[in-house]
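Structural description and commentary
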Amino acid sequence: MISALYPGAGASAQQKTPSLEDLAKAAQNPIADTISVGLENIAMPNTGAYRQTADVFKIEPVIPFQLNADWNLVTRTTIPGIAQVRFSPEQGRIGGVGDINQIFALTPSHSGALIWGVGPTFSYPSATDPALGSGKWSAGPTIVALTMPGPWVLGVLANNIWSFAGPGDRAPVNQMMLQYFITYNFSDGSYISSSPIINANWLAKGNDRWVVPVGAGIGKLFMVDKQPVNAEIGVYYNVLKPDLASRWQFRASLAFLFPK
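Residues numbered from 1 in each chain as written. Predicted model: local features only at pLDDT ≥ 70, side-chain atom pairs only at ≥ 80, totals over all residues. Heavy atoms only, no water.

1. What about the confidence of the model for the chain?
Looking at the chain, pLDDT values average 92 and 94% of them are 70 or higher. This model gives residues 1–15 a pLDDT under 50, and the stretch forms 33 contacts once residues within four places in sequence are excluded. (pLDDT = per-residue confidence, 0-100. Contact = heavy atoms within 4.5 Å.)

2. A few points about the packing of aromatic side chains
What the rule picks out here adds up to nine aromatic pairs. Here W202 and W210 contribute two aromatic rings whose centre-to-centre distance is 5.4 Å and whose plane-to-plane angle is 85 degrees, an arrangement assigned as edge-to-face. Assessed through its relative accessible area of 29%, W202 is described here as partly exposed. Where Y237 meets W248, the ring centres are 5.0 Å apart and the plane angle is 65 degrees; that geometry is what we call edge-to-face. With a gap of eleven residues between them, Y237 in strand β13 (residues 227–240) and W248 in strand β14 (residues 248–258) connect regions that are remote in the sequence. On the basis of relative accessibility, which here comes to 39%, the residue W248 falls in the partly exposed class. Three or more aromatic residues link up through ring pairs in this structure, and these residues are F104, F122, Y124 and W137. A cation sits over an aromatic face here: R86 above Y50, 5.0 Å from the ring centre. (Phe/Tyr/Trp six-rings, centres within 6.5 Å; stacked < 30°, edge-to-face > 60°. Buried < 20%, exposed > 50% of the residue type's maximum accessible area, 1.4 Å probe, protein only. Helix = DSSP H or I, 4+ residues; strand = E, 2+ residues; numbered from the N terminus. Lys NZ or Arg CZ within 6 Å of the ring centre and 35° of its normal.)

Here it is, written out as structure tokens:
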């Protein structure tokens, strides 16, 4: 049902079969009331002093829970696999799992034109190597807000985390993540989108504080038998970045939707 795919659909639409555009909008809604499993790969060439390609592969299951007739709790988990570049003659490339992040967003079951959610986010020190994570337990607030006028999906997802526990010899954490998304959908399930992820490390100085990309991508929602699948590719250029970070991000993703 459409109302299960994204809040705000009226009761009169509940018997309508979702179109490809409807499903694409659900895939673009971070707090949609539908289960999904996303796979995303981000390649960053010319990273570090040895100009190697860093790579992050993320598994992102989204699971909503209906608390009552008025409220849903949407959980979004990010499990990153990281291929880190070489930073010194003594240290070669390192690969493994990074710190796992979880978002818990409380959102109205029946939103109006503005769809929103708020709640906590947590970062767990799950990295398999110290170079791949912070070593700290961290938490902070998350806010999501979006609207879907006509073929558009316009919104923002933002959070900030602070470390509150962990080894004393590891650096504290105070980091912001902000992702805005602007998407135009076509009736056949295809779309064009810009959804850069801006990061700020408030404890760093100078160029090391910000990663600010700009760019765009294209995608399409299609059916494999009866399974909705969302695929997207995008290219982003880092306008601001740490000195040894890559100028480019090449993103490719697949998401499997399981609508009610």
